[in-house]
Amino acid sequence: MRLILLGPPGAGKGTQAERLQARFAVAQLSTGDMLRAAAKSGSEVGRQAARIMARGELVPDAVVVGIIDERVDSADCRNGFILDGFPRTIAQAQALDAMLARKGLKLDAVLELTVDEEELVDRISGRFACVKCGAGYHDRHLQPKVAGVCDRCGGTEFSRRADDNAVAVRTRLKAFREQTAPLLPYYRQRGILRSIDGMTGIDQVTKALFAALAPPA
Ligand code: AMP
């Protein structure tokens with residue numbers, strides 16, 4: 001199964017991609033995670049990407065297309081993959097089409113998560129993650145069961161993303177509206193876009209995603 005998860009920052013793509021990954025035994029490919037790892041590694045590309053990401057702007061198409069092109073050939077993608085945060089521009093979507101055609105692969109579905117902008121700002125402004133395992137939490141909506149201790153791995157160190165600040169968030173939402181939203185008609189025309197209400201609870205959204213992917217009875 002090959003899927004794209006589409007939606008603005010804070011829509012829940014990462015959270016839901018993890019669940020889809022577990023359910024369908026496919027790889028979760030988050031360009032945001034890959035770029036953050038590159039930034040941490042201190043490589044030249046990583047350092048350049050880190051500066052762009054901190055402002056909330058999009059890194060050049062060629063960089064992310066190159067990363068994905070290499071990554072989909074990995075063994076863990078044999079069963080398929082979920083693209084989380086890619087493509088984000090029409091040029092990236094076209095490059096993905098060409099790449100998949102070259103590899104003899106096909107997209108099964110594009111799943112859009114819809115969330116109001118006010119709600120997105122609230123979600124982004126409160127989120128933090130375990131440094132050790134990456135499990136995500138939220139100041140108001142999802143605290144660890146024991147304060148200061150990660151539910152998943154017992155880690156006690158947490159961090160917030162550098163681009164989850166008010167100024168960068170506004171730029172990220174603008175980038176979504178102007179550069180990523182045009183992908184919706186692009187995939188709708190091809191009959192593979194399914195829109196899911198991302199305003200309901202995390203479990204309800206997961207249920208709706210699974211239902212959208214179930215073969216018709
Ligand atoms: P995310 O973790 O998906 O919210 O992405 C965080 C940041 O990484 C974005 O604001 C961009 O700066 C960069 N980024 C991630 N994916 C892409 C992409 N497909 N194209 C361009 N920039 C990206």
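Below is a summary of the structure that appears in this document. (Residues numbered from 1 in each chain as written. Predicted model: local features only at pLDDT ≥ 70, side-chain atom pairs only at ≥ 80, totals over all residues. Heavy atoms only, no water.)

1. Focus: the pattern of salt bridges
Applying the stated criterion across every chain yields a total of 20 salt bridges. Linking Arg123 and Glu119 is a salt bridge whose minimum nitrogen-to-oxygen distance equals 2.9 Å. Here Glu119 and Arg123 lie together in helix 6 (residues 117–125), a separation of four residues that amounts to about one turn. Residue Arg123 is classed as buried on the basis of its relative accessible area, which comes to 15%. Among the ionic contacts, a cluster of salt bridges with common partners joins Arg127, Arg161, Asp163, Asp164 and Arg172. (Salt bridge = Lys/Arg side-chain N within 4 Å of Asp/Glu carboxyl O. Helix = DSSP H or I, 4+ residues; strand = E, 2+ residues; numbered from the N terminus. Buried < 20%, exposed > 50% of the residue type's maximum accessible area, 1.4 Å probe, protein only.)

2. Here's the deal with the sheet that holds strand 5 (residues 127–130)
An order of 6-5-7 is seen for the three strands of this open sheet, with the pairing classed as antiparallel. Edge positions in the sheet fall to strand 6 (136–138) and strand 7 (158–159), since each of these pairs with one other strand and no more. Relative to strand 7, strand 5 is paired through two bridges, and the arrangement is antiparallel. Along strand 7, the bridge assignment pairs Cys130 with Phe158. (Pairing = 2+ DSSP bridges.)

3. Digging into unusual backbone geometry
The step from Phe86 to Pro87 runs through a cis peptide bond, and the omega angle for that step is -5°. At Ala25, a residue that is not glycine, the phi angle is positive and equals roughly 50°. Positionally, Ala25 belongs in the loop between helix 1 (13–24) and strand 2 (27–30).

4. Quick notes on the site of the ligand
Neighbouring residues of the ligand: 16 residues in total, closest Thr31, Arg36, Glu57, Gly85 and Gln92. One of the side-chain N or O atoms of Arg36 is found 2.9 Å from an oxygen atom in the ligand. One of the side-chain nitrogen or oxygen atoms of Gln92 is found 2.9 Å away from a nitrogen atom of the ligand. Protein contact buries 97% of the 480 Å² of open area that the ligand shows by itself. Here the element with the most residues in the shell around the ligand is helix 2 (residues 31–41); it accounts for four residues. Of the residues in the shell around the ligand, the class split is six nonpolar, four polar and six charged. (Near = heavy atom within 4 Å. Polar contact = N/O pair within 3.5 Å; in protein donor to acceptor, adjacent residues only side chain to side chain. Areas by Shrake-Rupley, 256 points an atom, 1.4 Å probe, with all protein chains shown as cover. Nonpolar A, V, L, I, M, F, W, Y, C, P; charged D, E, K, R; others polar.)

5. Some remarks on helix 4 (residues 61–71)
Where helix 4 is concerned, the buried positions are Val64, Val65 and Ile68. The buried residues of helix 4 occupy one face: seen down the axis, they fall within an arc of 100°. Of the exposed residues in helix 4, those oriented more than 90 degrees away from the buried face are Ala62 and Glu70. Buried positions along helix 4 lie against strand 2, helix 2, strand 3 (81–84) and helix 5 (90–103). (Arc of directions from axis to C-beta. Contact = heavy atoms within 4.5 Å.)

6. Describing the nonpolar core
In terms of nonpolar packing, the biggest core is built from 30 residues, with Ile4, Leu29, Ile68, Phe81, Leu83, Leu96 and Tyr187 touching the most fellow members. Sorting the residues of this core by element identifies strand 1 (2–6), strand 2, helix 2, helix 3 (44–55), helix 4, strand 3, helix 5 and helix 8 (183–188) as the ones contributing at least two each. If near-sequence neighbours (up to four positions away) are discounted, Leu96 is found in contact with Ile4, Leu83, Phe86, Pro87, Leu107 and Tyr187. (Core = buried A, V, L, I, M, F, W, Y, C linked by side-chain atoms within 4.5 Å.)

7. Some words on the packing of aromatic side chains
Note on aromatic pairs: each is described by the distance of the centres and the angle between the planes. A full pass over the atoms with the stated rule returns five aromatic pairs. Measuring from centroid to centroid gives 5.9 Å for Tyr137 and Phe158, while their planes differ by 80°, and the two rings are edge-to-face. Here Tyr137 is found in strand 6, whereas its partner Phe158 is found in strand 7, with 21 residues between them in sequence. A relative accessible area of 6% means that Tyr137 is categorised as buried. For the ring pair Tyr186 and Tyr187, a centre distance of 5.1 Å and an interplane angle of 90° mean the geometry is edge-to-face. Neither Tyr186 nor Tyr187 differs from the other in exposure class; each is buried. Cluster of aromatic residues (ring-pair linked, three or more members): Phe128, Tyr137 and Phe158. Over the aromatic face of Phe24 sits the side chain of Arg23, whose NZ or CZ is 5.1 Å from the ring centroid. Across from the ring centre of Phe210, 5.0 Å away, lies the NZ or CZ of Arg23, which sits over that ring. (Phe/Tyr/Trp six-rings, centres within 6.5 Å; stacked < 30°, edge-to-face > 60°. Lys NZ or Arg CZ within 6 Å of the ring centre and 35° of its normal.)

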